[in-house]
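# Coordinates in review
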Amino acid sequence: MDKTWMKADRRSLQFDLGFNQFLKVALDNARDPSNIPCPCLKCCNNRFGNIQFIKDHVYFNGIMENYTRWKWHGECSYVARHCLSEGSETVEMIPDLGGNEDVGVLSDEDHEISLDSNEFMQFVEDGDKPLYPGCTKSTKMNGLVQTFNLKAKHGLSDSCYTDILILFHTLLPDGNEVPGSINLAKKTLSTLGMKYEKIDACPNDCILYRDLNVDAKKCSSCNASRWKLAKDGSEKVGVPAKTLWYFPPIPRFRRMFQSTVSAKELTWHARGRKKDGMMRHPVDSPTWKMVDTNWPDFGIEPRNLRLALSSDGCNPYGAVSSKYSCWPVILITYNLPPWLCMKRKYMMLTLLISGPKQPGNDIDVYLQPLVDDLKVLWDGIERVYDSTKPVRLKHSKKLVFLRNRRQLPRHHPYRKQASAFDNTVEKDDAPTPLIGEETFARVQGLPKASGKGNAPTPYKGPPENRPCWKKKSIFYELDYWKFLPVRHNLDVMHIEKNCCDAILGTLLNIPGKTKDGVAARLDMVDMGIHTDLKPTAAVKRDKLPLASWNLFVDERKIVCNSFFHMKGPSRFSSNIRNLVSINDLKLGNLKSHDCHVIMQLLLPVAISSVLE
């Protein structure tokens, strides 16, 4: 049977004749003429309707061009019936069925596809099944998800959860879809492809117990035990000292492409966006265009995924006094439209690094499983630094980049204010940022993250020659990483919070928060800045001369009282009154948005009354 019409224009006579033949086959073999699978690009044989329903959908959405064997519309039985009516005694050698295949037997291609999709299709069907006959408020899948959420929220044991399922099964009407055990419930949910791996890790962040180290009992780098230690120093065999939860992203990407809605949204950047030269989406960025230029085979396929990775520490227990730090690593899909890519349902949790301490520079150790999967994705499944030479502060022992006024416009007044900065008038232009290949060349030879138990030897050379990089990032194992114009993005929200905390701490002289101290004053003297503020030696400790940013106690009280009596619109920010301590003359427990409001609006008002 000729099926070339499926690739023809829907307005052509060829398509019209071929489609009418298809409808005849479907109608002749339909058990129920009002429930025929629709083969349009939107339904993909997952929705049912009558002949007119299918006509409207196919002429509007188009037909699936790869649906060349109409097995859901009875092609085999149709061909067999017509051959038999012509006097044939066998249907084993029908040309359309492939010669050596028996009728009704799936081809190798169909069988391969069914292995991956049949379970998921069963999951979709479960999502539509009512919880019990006649139920209109909940489905089988909704019930399972809600009970699993309660199990996780209240810490129910597996046996307790099984008993609850059995109780629900007996209380609901006969024929209900409640599974009889937790194993059956997990089997149903596992079809989503949401499996995860628990990988033991060295408590000093040296290695992961995977691949060659999967059976090791001690760390090969620092010799620390794999197991948690009891109070008496004995090992709790089987209880890991630290654990990494890894959620593989590849199965979830496959599920996204199995959804007709998600699969269409993943190509929005190529077909659905407005192309007017404006920066509306990451597809308009130089990085995206560079990838398309350097790897044209990758860029020409709109379904290829463009991903962003984000991570930050959080306290899962919510206690402000707790120092526990847990680090989630999240993947974001930039193929999606702007109104979807930052939605919670499309943000993929890929790694969960347990605490109690943050991994720091050793986070590369935990990123290795994810990088391995990113390499697989790249092969296919069918930081930017200023080029200015950094300065090492002798007393504060910090690496800093000076001459930031070069980033300002040419005639900005700050460029001429020498005494307010470093006693120089800035006339130079902003430096050109390092490209990826230059950065890659500078980090060549640097060690990779190897854990706190195997820290690199501290630098002992001249301060001016100290390197500004501590390690070579694990992401350089990705072939394309060094070519990206922007490899790391700084979190402006956290930077603004740190600046706000430092400014308030210095103005109000908050212990532990102020940046004004003996070391800072000595570094300023060494650079020839405000030499009149040099600390003077005293019997117990050095004394700091008063500077323009030092407030007297009365002035600090005025500033704190100004904050205390400020009121803003509803939901504008936190209640500022609750953040001010009049007795201690400080602000505390500031959230990121509070710092933004204070920096942009409230701080100039609060300090205006104490300015000379």
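Conventions used here
Residues numbered from 1 in each chain as written. Predicted model: local features only at pLDDT ≥ 70, side-chain atom pairs only at ≥ 80, totals over all residues. Heavy atoms only, no water. Helix = DSSP H or I, 4+ residues; strand = E, 2+ residues; numbered from the N terminus. Buried < 20%, exposed > 50% of the residue type's maximum accessible area, 1.4 Å probe, protein only. Contact = heavy atoms within 4.5 Å. Salt bridge = Lys/Arg side-chain N within 4 Å of Asp/Glu carboxyl O. Axes fitted to C-alpha atoms, helices over the stretch in contact; angles between N-to-C directions. Parallel < 35°, antiparallel > 145°, perpendicular 65-115°, else oblique. Left-handed = near helix turned anticlockwise from the far one by under 90°. Nonpolar A, V, L, I, M, F, W, Y, C, P; charged D, E, K, R; others polar. Pairing = 2+ DSSP bridges. Phe/Tyr/Trp six-rings, centres within 6.5 Å; stacked < 30°, edge-to-face > 60°. Lys NZ or Arg CZ within 6 Å of the ring centre and 35° of its normal. Polar contact = N/O pair within 3.5 Å; in protein donor to acceptor, adjacent residues only side chain to side chain. pLDDT = per-residue confidence, 0-100. Expected span 1.5 Å × (residues − 1). Arc of directions from axis to C-beta. Disulfide = S-S within 2.5 Å.

### What to know about the overall build of the protein
The secondary structure content of the protein amounts to 19 helices and 13 strands. In the protein, buried positions account for 35% of the 612 residues.

### Overview of the environment of Q14
Residue placement: Q14 occurs in helix 1 (residues 13-29). A residue is classified by how much of its surface remains accessible, and Q14, at 41% relative accessible area, is partly exposed. For the pair formed by Q14 and T4, sequence separation is 10 residues and the distance between their alpha carbons is 8.7 Å. With near-sequence residues (within four places) excluded, Q14 lies in contact with T4, W5 and A8.

### What about the pattern of salt bridges?
Close approach of charged atoms lets side chains of opposite charge pair. Per the counting criterion, the structure on display carries 18 salt bridges. Between R280 and D276 there is a salt bridge, and its shortest N-O distance comes to 2.6 Å. R280 sits in the partly exposed class, given a relative accessible area of 45%. The partner of D292 in a salt bridge is R306, and the shortest N-O contact between them spans 2.7 Å. In this pair, D292 is assigned in helix 11 (residues 286-294) and R306 in the loop between helix 12 (296-299) and strand 7 (307-311), connecting sequence segments 14 residues apart. Judged by relative accessible area, D292 falls into the partly exposed class, the value being 27%. Because the salt bridges share partners, they merge into one network encompassing R210, D211 and D372.

### Brief notes about the packing of helix 16 (residues 492-507) against helix 19 (residues 592-607)
Direction vectors running N to C along helix 16 and helix 19 enclose 40°, while the axes themselves pass 8 Å from each other. Judged by the inter-axis angle, helix 16 sits oblique to helix 19. Regarding helix 16 and helix 19, the two cross each other, and that crossing is left-handed. Here helix 16 contributes M493, E496, K497, C499, C500, D501, I503, L504 and L507 to the contact with helix 19, which in turn contributes S592, C595, H596, I598, M599, Q600, L603 and I607. When its residues are assigned to classes, the contact of helix 16 with helix 19 shows 11 nonpolar, three polar and three charged.

### Some words on the packing of helix 5 (residues 140-154) against helix 7 (residues 182-189)
Where helix 5 contacts helix 7, the two axes come as close as 11 Å, and the packing angle between them is 115°. Classified by the angle their axes make, helix 5 and helix 7 are roughly perpendicular. In the crossing of helix 5 with helix 7, the sense of the turn from one axis to the other is left-handed. On helix 7, the residues touching K140, M141, L144, V145, F148 and K151 of helix 5 are I182, A185, K186, T188 and L189.

### Re the sheet that holds strand 6 (residues 242-246)
The strand order across the open sheet built from five strands is 3-6-9-8-7, with neighbouring strands paired in antiparallel fashion. Looking at the sheet topology across the chains shown, the edges are occupied by strand 3 (197-201) and strand 7. The mean inter-strand angle of the sheet, taken between neighbouring strand axes irrespective of direction, is 25°. Both strand 6 and strand 9 (residues 347-353) contribute to a ladder of three bridges, which runs antiparallel. The partner of L244 across the bridge, within strand 9, is I353.

### A word on the packing of aromatic side chains
Tallied over the full model, the rule gives 18 aromatic pairs. Measuring from centroid to centroid gives 5.8 Å for Y414 and F421, while their planes differ by 55°, and the two rings are tilted. Under the relative-accessibility criterion, Y414 is labelled partly exposed at 41%. An aromatic cluster of at least three residues, connected via ring pairs, comprises W5, F15, F19, F22, Y59 and W70. Over the aromatic face of F564 sits the side chain of R577, whose NZ or CZ is 4.4 Å from the ring centroid.

### Some thoughts on the pairing of strand 9
For strand 8 (residues 327-333) and strand 9, the ladder comprises six bridges, and the chain directions are antiparallel. Bridging from a neighbouring strand, L331 pairs with M348 of strand 9.

### Notes on unusual backbone geometry
That bond from G355 to P356 is cis: its omega, 10°, falls within 30 degrees of zero. With respect to the helices, strands and loops of the structure, P356 is situated in the loop between strand 9 and helix 14 (363-379). The residue C44 is not glycine, and still its phi comes out positive at about 50°. By the secondary structure assignment, C44 is in the loop between strand 1 (36-37) and strand 2 (48-49). With a relative accessible area of 23%, C44 lands in the partly exposed category. Unusually for a residue other than glycine, R571 sits at a positive phi of about 65°.

### Examining the side chain of S325
Of note, S325 is situated in the loop between strand 7 and strand 8. Here S325 falls in the buried class, since its relative accessible area comes to 14%. At a separation of 2.9 Å, a polar atom in the side chain of S325 contacts the side chain of W327. Residues within four places of S325 in sequence aside, it is in contact with G313, C314, S354, G355, P356, K357 and Q358.

### Some words on the confidence of the model for the protein
Predicted confidence across the protein gives a mean pLDDT of 79, with 84% of residues reaching 70 or more. Low pLDDT, under 50, characterises residues 77-116; the predicted model gives this stretch 37 contacts beyond four residues in sequence or across chains. Considering only residues more than four positions removed or in separate chains, one finds that residues 382-387, a stretch of pLDDT under 50, has 20 contacts.

### Some remarks on helix 1
The end-to-end C-alpha distance of helix 1 is 25 Å, a good match for the 24 Å that 17 residues give at a rise of 1.5 Å each. Along helix 1, the residues that are buried comprise F15, G18, F19, F22, L23, V25, A26 and N29. Viewed along the axis of helix 1, the buried residues span an arc of 160°, placing them on a single side of the element. Turned more than 90 degrees off the buried face of helix 1, the exposed positions are L13 and L17.

### Re the state of the cysteines
Counting across every chain of the model gives zero disulfides. Distance from the sulfur of C326, which forms no disulfide, to the nearest cysteine sulfur (C314) is 4.8 Å. C326 gets classed as buried once you look at its relative accessible area, which sits at 9%.

### Notes on helix 18 (residues 553-564)
A rise of 1.5 Å per residue sets the reference length of helix 18, with its 12 residues, at 16 Å; its end C-alpha atoms lie 16 Å apart and thus fit the reference within 8%. All of the buried residues in helix 18 are R556, V559, C560 and F563. The arc that holds the buried residues of helix 18, viewed along the axis, is 95°, so those residues lie on one side. At its buried positions, helix 18 is contacted by helix 16, strand 12 (580-581), strand 13 (586-587) and helix 19.

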